[in-house]
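# Topology and contacts: notes
Okay, here's what each chain looks like letter by letter:
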Amino acid sequence: MMAAPEPQPRFGQSVKGLLSEKVGSCSGDVITLTRQVLKGSRSQELLGQAARNMVMQEDAILHSEDSLRKMSIITTHLQYQQEAIQKNVEHSRNLQDQLMHSLK
């Protein structure tokens with residue numbers, strides 16, 4: 001009858017060993033899961049930053065496009081003014097020629 005008490009401690013020790021092994025495995029899984037969640041969180045953060053940067057770039061592009069359109073309008077007006085000045089200079093030369101001719 002002495003043989004019966006010996007398997008109990010061995011069984012208890014093997015259960016404790018298995019339990020300890022399972023706890024260790026679960027702890028490792030929790031650590032792995034935590035790393036994945038943190039990595040996913042970092043990825044979300046990077047995606048959010050990329051989206052914000054894209055919006056800022058889009059705003060800058062739209063502002064640049066607006067500035068270019070305004071500069072095109074200004075260029076057109078300057079060309080009209082240049083043409084008007086050239087016509088006035090030509091007209092002024094004609095007046096000078098007429099004045100010189102009438103003074104002779």
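A brief look at the structure comes next. Note that the structure is a prediction, hence the values are computed from the model and not measured.

So, about the overall build of the protein. Check the secondary structure of the protein and you find 1 helix and 0 strands. Within the protein, the proportion of its 104 residues that are buried is 0%. Carbon and sulfur atoms provide 62% of the accessible area of the protein, an area that totals close to 10000 Å².

With that out of the way, let us pick up the pattern of salt bridges. Counted according to the given criterion, the structure contains 3 salt bridges. Linking Lys-70 and Asp-66 is a salt bridge whose minimum nitrogen-to-oxygen distance equals 3.3 Å. With Lys-70 and Asp-66 both in helix α1 (residues 7-103) and 4 residues apart, the pair spans about one turn of that helix. Judged by relative accessible area, Lys-70 falls into the partly exposed class, the value being 48%. What makes Asp-66 partly exposed here is its relative accessible area of 23%. Ionic contacts of the salt-bridge type, sharing partners, join the residues Asp-66, Arg-69 and Lys-70 into one network.

Rules used throughout
Residues numbered from 1 in each chain as written. Predicted model: local features only at pLDDT ≥ 70, side-chain atom pairs only at ≥ 80, totals over all residues. Heavy atoms only, no water. Helix = DSSP H or I, 4+ residues; strand = E, 2+ residues; numbered from the N terminus. Buried < 20%, exposed > 50% of the residue type's maximum accessible area, 1.4 Å probe, protein only. Areas by Shrake-Rupley, 256 points an atom, 1.4 Å probe, with all protein chains shown as cover. Salt bridge = Lys/Arg side-chain N within 4 Å of Asp/Glu carboxyl O.

Worth remembering: the numbers are spatial, not functional.
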